[in-house]
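Spelled out from the first residue to the last, the chains are:
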Amino acid sequence: MFNLPEQIEITSEKLKHITITSTLSRNTTTLATFLSAEHALADDDFLISPLHNRVRVKLTNIDNRTSIYIFDQLNNTTKSDNFDEVIAKISSQLIDIQSDSVDKKIEDVLQTIGTFCDADRSYLFQFSQDGMLMSNTHEWVNHTIIPFKQRLQNIPQEALPYFFSKLKSEGVFIVSDVNKLPHEAAPEKAEFQAEGIKSLLCIALHSENALFGFIGCDCVSNAHDWTETDLIRIKLVGEILTSALKNASYKLHIEQMQQQLLKVNKELETQANIDSLTSIANRRRFDQTLKTEILRAARANQPLSLIICDIDYFKLYNDNYGHQQGDQVLKKVAKALHRLCKREGDLAARYGGEEFAIILPCLDKEQCSQFAQLLQKCISELQIAHPFSSISKNLTLSVGCYTGIPDKATTEDSMILAADSALYIAKNSGRNTISIFDK
């Protein structure tokens with residue numbers, strides 16, 4: 001079978017040029033390495049290359065220094081049965097394939113068809129959307145065979161006109177001897193010879209009646225007379241790959257649509273919770289947060305503070321400077337309030353018109369008062385001129401505060417009413433003041 005001398009050293013170069021591939025693990029090694037290693041050979045068949053023989057190996061250990069390897073050549077029926085078994089397994093794995101595992105599964109398929117067709121290289125090419133360029137997207141190569149995937153990218157149709165013509169018209173491109181290609185296939189012959197190809201077989205891949213690529217096998221070590229069985233097998237693999245790629249593309253499209261939908265929903269949710277003028281939380285977000293914080297504070301038996309503040313004499317500011325400049329003032333005040341809310345859970349919101357509200361979890365009455373003073377100081381430092389105010393030359397705030405430890409009876413309305421009552425007192429006490437609700 002191997003055409004070797006009766007006695008030969010395991011380290012001989014002749015053994016290094018013969019490769020043996022497991023049909024189960026797909027591992028490939030040289031015959032020299034195989035004979036030197038320890039094995040568990042039960043129910044494992046091997047492909048011998050470049051002899052293109054499929055064999056079953058039996059090992060008998062005579063003693064610690066002597067082993068006998070018996071290579072039984074398998075008939076085509078066994079080979080066919082093995083192919084059907086492997087393809088059935090791969091096909092079932094490709095049914096529910098995830099987008100992140102597509103490449104690995106395709107490479108497994110290419111290795112299978114390459115091995116069973118006694119090829120040295122198998123590959124998948126896909127065309128660009130306009131069909132004018134082709135790229136080698138996946139490749140399997142046998143032991144010692146040079147890969148060409150990196151080089152075979154974005155190849156124009158006009159570079160291989162004979163090949164493309166045959167593939168489109170006949171759906172198959174089969175060459176048992178590259179040297180016998182016709183004169184009109186001169187560009188193809190030159191390319192194949194540059195890649196060391198002696199024989200090749202390619203099958204067109206169609207999806208929805210459109211040609212989108214092809215799969216193929218090359219023989220590099222020796223020329224190969226392709227059989228009808230080879231053609232049937234590669235066509236079957238082509239159909240499996242087409243279906244897998246179509247499913248993967250559909251799933252990827254669905255995943256992308258879902259991501260876009262999540263992004264849009266997130267943007268809509270943000271818009272629904274953000275005040276369009278000031279870009280801080282709106283009344284809807286305020287109501288939701290206050291309800292959540294009341295429940296949380298009640299469970300933890302912790303204080304919760306609420307501040308409602310109002311820009312003093314803001315109507316006079318708008319009447320004299322106009323709503324456009326008034327809007328700019330609202331933005332500056334909102335930004336200042338938001339900047340003060342540094343802790344997780346703190347929330348500054350536009351409550352309505354020129355009123356703002358601040359939720360302060362875990363702050364007691366004294367801490368809330370200190371925060372209110374800091375709030376007034378921050379607005380004062382903005383130095384927004386307000387000559388129409390009767391209490392200050394610059395913009396000021398009136399502030400109402402409420403602090404309590406919520407229980408089951410506490411509601412959002414009760415807290416808002418308390419803080420709003422304190423604000424009413426602050427405004428009626430001369431404005432630019434702080435009032436703290438006291439039961």
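Check the entry above for the structure.
So, a few notes on the structure that sits alongside this text. Remember, predicted model here, so these are calculated numbers, not experimental data. (Residues numbered from 1 in each chain as written. Predicted model: local features only at pLDDT ≥ 70, side-chain atom pairs only at ≥ 80, totals over all residues. Heavy atoms only, no water.)

1. Looking at the overall build of the protein chain
Here's step 1: If you tally the helices and strands in the protein chain, you get twelve helices and 16 strands.
Here's step 2: Relative to its 439 residues, the protein chain shows a buried fraction of 44%.
Here's step 3: For the protein chain, restricting intrachain contacts to residue pairs at least 6 apart in sequence, the fraction spanning at least 24 positions comes to 59%.
Here's step 4: About 23800 Å² of surface is accessible on the protein chain, with carbon and sulfur atoms providing 49% of the total. (Helix = DSSP H or I, 4+ residues; strand = E, 2+ residues; numbered from the N terminus. Buried < 20%, exposed > 50% of the residue type's maximum accessible area, 1.4 Å probe, protein only. Contact = heavy atoms within 4.5 Å. Areas by Shrake-Rupley, 256 points an atom, 1.4 Å probe, with all protein chains shown as cover.)

2. As for the sheet that holds strand 8 (residues 155–156)
Here's step 1: Strand order in this open sheet of six strands is 8-7-6-11-10-9, and the pairing throughout is antiparallel. Edge strands, defined here as strands with exactly one partner in the open sheet, are strand 8 and strand 9 (172–175).
Here's step 2: In terms of strand pairing, strand 6 (residues 121–127) meets strand 7 (residues 133–141) through seven bridges, oriented antiparallel. Bridging from a neighbouring strand, L124 pairs with H138 of strand 7. (Pairing = 2+ DSSP bridges.)

3. With respect to the packing of aromatic side chains
Here's step 1: Scanning all chains against the criterion turns up 15 aromatic pairs.
Here's step 2: Residues Y123 and F125 carry aromatic rings whose centres are separated by 5.6 Å and whose planes lie at 90° to one another, so their mutual orientation is edge-to-face.
Here's step 3: Ring centres of Y402 and F437 lie 5.7 Å apart, and the angle between their planes is 65°; this geometry places the pair in the edge-to-face category. Taken together, the residues Y402 in strand 15 (residues 397–404) and F437 in the segment after strand 16 (434–436) connect sequence positions 35 residues apart. (Phe/Tyr/Trp six-rings, centres within 6.5 Å; stacked < 30°, edge-to-face > 60°.)

4. Quick look at the nonpolar core
Here's step 1: Core analysis: the biggest nonpolar cluster contains 30 residues, and I307, F356, I358 and L375 have the highest contact counts within it.
Here's step 2: Among the elements of the structure, strand 12 (304–311), helix 9 (314–321), helix 10 (323–340), strand 14 (355–361), helix 11 (365–382) and strand 15 are those that each provide at least two residues to this core.
Here's step 3: In contact with I307, other than residues within four places in its own chain, are F356, A357, I358, L360, C368, F371, A372, L375, V399, G400 and C401. (Core = buried A, V, L, I, M, F, W, Y, C linked by side-chain atoms within 4.5 Å.)

5. A word on the pattern of salt bridges
Here's step 1: Overall, the coordinates contain 13 salt bridges when judged by the stated rule.
Here's step 2: Between D218 and R121 there is a salt bridge, with the nearest N and O atoms lying 3.0 Å from each other. Residue D218 is located in strand 11 (residues 210–219), and its partner R121 is located in strand 6; the two are separated by 97 residues in the primary sequence.
Here's step 3: D218 sits in the buried class, given a relative accessible area of 1%.
Here's step 4: Given a relative accessible area of 2%, R121 falls into the buried group.
Here's step 5: The salt bridge involving K427 is made with D310; its shortest N-O contact spans 3.7 Å. Note that K427 is positioned in helix 12 (residues 412–428) and D310 in strand 12, a separation of 117 residues in sequence.
Here's step 6: On the basis of relative accessibility, which here comes to 4%, the residue D310 falls in the buried class.
Here's step 7: Beyond isolated ion pairs, a larger network of salt bridges with shared partners links R121, E139 and D218. (Salt bridge = Lys/Arg side-chain N within 4 Å of Asp/Glu carboxyl O.)

6. A short note on helix 9
Residues three or four positions apart in an α-helix share a direction because the helix packs 3.6 residues into each turn.
Here's step 1: Of all the positions in helix 9, only F314, Y317 and N318 are classed as buried. Taken down its axis, helix 9 places every buried residue within 95° of arc, on the same side.
Here's step 2: On its buried face, helix 9 sits against strand 12 and helix 10.
Here's step 3: Just beyond helix 9, the residue with positive phi is G322, at close to 95°. (Arc of directions from axis to C-beta.)

7. Quick look at the environment of A248
Here's step 1: Within the secondary structure, A248 is located in helix 7 (residues 228–273).
Here's step 2: A248 sits 146 residues away from V102 along the chain, and the two C-alpha atoms are 7.2 Å apart.

8. Some thoughts on the side chain of H138
Here's step 1: Position of H138 relative to the elements: it lies in strand 7.
Here's step 2: Residue H138 is classed as buried on the basis of its relative accessible area, which comes to 6%.
Here's step 3: For H138, the side chain forms a polar contact with the side chain of T137, separated by 2.9 Å.
Here's step 4: Not counting chain neighbours up to four residues away, the residues in contact with H138 comprise D103, I106, E107, L110, S122, Y123, L124, Q126 and K149. (Polar contact = N/O pair within 3.5 Å; in protein donor to acceptor, adjacent residues only side chain to side chain.)

9. Digging into the packing of helix 8 (residues 283–300) against helix 12
Here's step 1: In contact at an axis separation of 10 Å, helix 8 and helix 12 are set at 110° when each is read in the N-to-C sense. Compared by their axis directions, helix 8 and helix 12 come out roughly perpendicular. Across from R283, F286, D287, L290, K291 and I294 in helix 8, the residues of helix 12 making contact are E412, M415 and I416.
Here's step 2: Of the residues assigned to the contact of helix 8 with helix 12, the class counts are five nonpolar, no polar and four charged. (Axes fitted to C-alpha atoms, helices over the stretch in contact; angles between N-to-C directions. Parallel < 35°, antiparallel > 145°, perpendicular 65-115°, else oblique. Nonpolar A, V, L, I, M, F, W, Y, C, P; charged D, E, K, R; others polar.)

10. Things to note about the pairing of strand 13 (residues 347–352)
Looking along a regular strand, one sees the side chains alternate between the two faces of the sheet.
Here's step 1: The element strand 13 is largely enclosed, with a buried count of five among its six residues.
Here's step 2: In this sheet, strand 14 lies alongside strand 13 in antiparallel orientation, the contact comprising five bridges. Its bridge partner being in strand 14, R350 is matched across the sheet by F356.
Here's step 3: Turn length for the strand 13-strand 14 hairpin, with the two strands adjacent in sequence and antiparallel, is two residues, and the turn residue G353 shows positive phi of about 60°.

11. Section: helix 8
Here's step 1: Under the 1.5 Å per step criterion, the end-to-end length of helix 8 is 25 Å for 18 residues, consistent within 8% with the ideal 26 Å.
Here's step 2: The set of residues buried in helix 8 consists of F286, T289, L290, E293, I294 and A297. Looking straight down helix 8, one finds that the buried residues subtend no more than 140° of arc, so they occupy a single side.
Here's step 3: With a side-chain oxygen positioned 3.2 Å from the backbone nitrogen of R284, the residue opening helix 8 is N282.
Here's step 4: Positive backbone phi, at 55°, marks N301, one or two positions downstream of helix 8. (Expected span 1.5 Å × (residues − 1).)

12. Observations regarding the packing of helix 10 against helix 11
Here's step 1: Direction vectors running N to C along helix 10 and helix 11 enclose 140°, while the axes themselves pass 10 Å from each other. Of the possible angle classes, the one that applies to helix 10 and helix 11 is oblique. Judged by the twist between their axes, the crossing of helix 10 over helix 11 is right-handed. When helix 10 is examined against helix 11, the residues K332, V333, A336, L337 and L340 are found in contact with a partner set consisting of F371, L374, L375, C378, I379 and L382.
Here's step 2: For the contact of helix 10 with helix 11, a count of residues per class yields ten nonpolar, no polar and one charged. (Left-handed = near helix turned anticlockwise from the far one by under 90°.)

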